[in-house]
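# Remarks on the overall topology
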Amino acid sequence: MQNRENTWYKQIVEAAKLQEVQGATLQLDHMIDGQWTVEWWDTYQGKIERTSSLSVANGAAELALPPILKDIAVKLRLDRPSVTLPKEKNP
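Parameters and conventions
Residues numbered from 1 in each chain as written. Predicted model: local features only at pLDDT ≥ 70, side-chain atom pairs only at ≥ 80, totals over all residues. Heavy atoms only, no water. Helix = DSSP H or I, 4+ residues; strand = E, 2+ residues; numbered from the N terminus. Contact = heavy atoms within 4.5 Å. 1 Å grid on protein atoms, 1.4 Å probe; cavity = no way out; pocket = protein on both sides within 12 Å on 5 of 7 lines; lining within 4 Å. Points joined across faces, edges and corners; volume = space filled by probe spheres on them. Nonpolar A, V, L, I, M, F, W, Y, C, P; charged D, E, K, R; others polar. Salt bridge = Lys/Arg side-chain N within 4 Å of Asp/Glu carboxyl O. Buried < 20%, exposed > 50% of the residue type's maximum accessible area, 1.4 Å probe, protein only. Core = buried A, V, L, I, M, F, W, Y, C linked by side-chain atoms within 4.5 Å.

### Some points on unusual backbone geometry
Non-glycine residue His 30 carries a positive phi angle of around 60 degrees. Of note in this structure, Asn 58 is not a glycine but carries a positive phi near 55 degrees. Among the structural elements, Asn 58 can be located in the loop between β3 (47-56) and β4 (61-64).

### Description of the environment of Thr 51
Looking at where Thr 51 falls in the secondary structure, it is placed in strand β3. Counting along the chain gives 47 residues from Thr 51 to Arg 4, while the straight-line C-alpha distance between them is 24 Å. Excluding its chain neighbours within four sequence positions, the residues that come into contact with Thr 51 are Val 38 and Glu 39.

### Notes on the layout of surface pockets
There is about 190 Å³ of room inside the largest pocket. The wall of the largest pocket is formed by Trp 41, Asp 42, Tyr 44, Glu 49, Arg 50, Pro 66, Pro 67, Ile 68, Leu 69, Lys 70, Asp 71 and Ile 72. Where the lining of the largest pocket is concerned, the elements lending two or more residues are β2 (34-42) and β3. Across the lining of the largest pocket, the residue classes break down as seven nonpolar, no polar and five charged.

### Notes on the pattern of salt bridges
Scanning all chains against the criterion turns up two salt bridges. A salt bridge links Glu 39 to Arg 77, with the nearest nitrogen and oxygen atoms 3.3 Å apart. A residue pair is termed long-range when its members are at least 10 positions apart, and Glu 39 in strand β2 and Arg 77 in strand β5 (residues 73-81) qualify at 38 residues. Relative accessible area serves as the criterion here: at 10%, Glu 39 is assigned to the buried category. One salt bridge in this structure joins Asp 79 and Arg 77, with 3.5 Å as the shortest N-O distance.

### A word on the nonpolar core
Ranked by size, the top nonpolar core spans twelve residues in total: Leu 28, Met 31, Trp 36, Val 38, Trp 40, Leu 54, Val 56, Ala 61, Leu 63, Leu 65, Ile 68 and Ile 72. With three residues, β2 is the largest single contributor of residues to this core.

Here it is, written out as structure tokens:
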């Protein structure tokens, strides 16, 4: 996710001070029900800033975003599905 104010032009040419985006959410649909691990990544340093948990029910969840000054990446990993997943077929 990116702060819309975080552009090269605004930072270098205008020397604008960025305002943090706060209170934003991300609506997730068409997901597998269960418990997910959420990794929040610092895209400038290429490392995980923090992890959290997310519960998905009825294929949907709302993810509260942390304050965003520049931009942030999120990675979701299914830990415990609430349904039995089909086994992969070998080609």
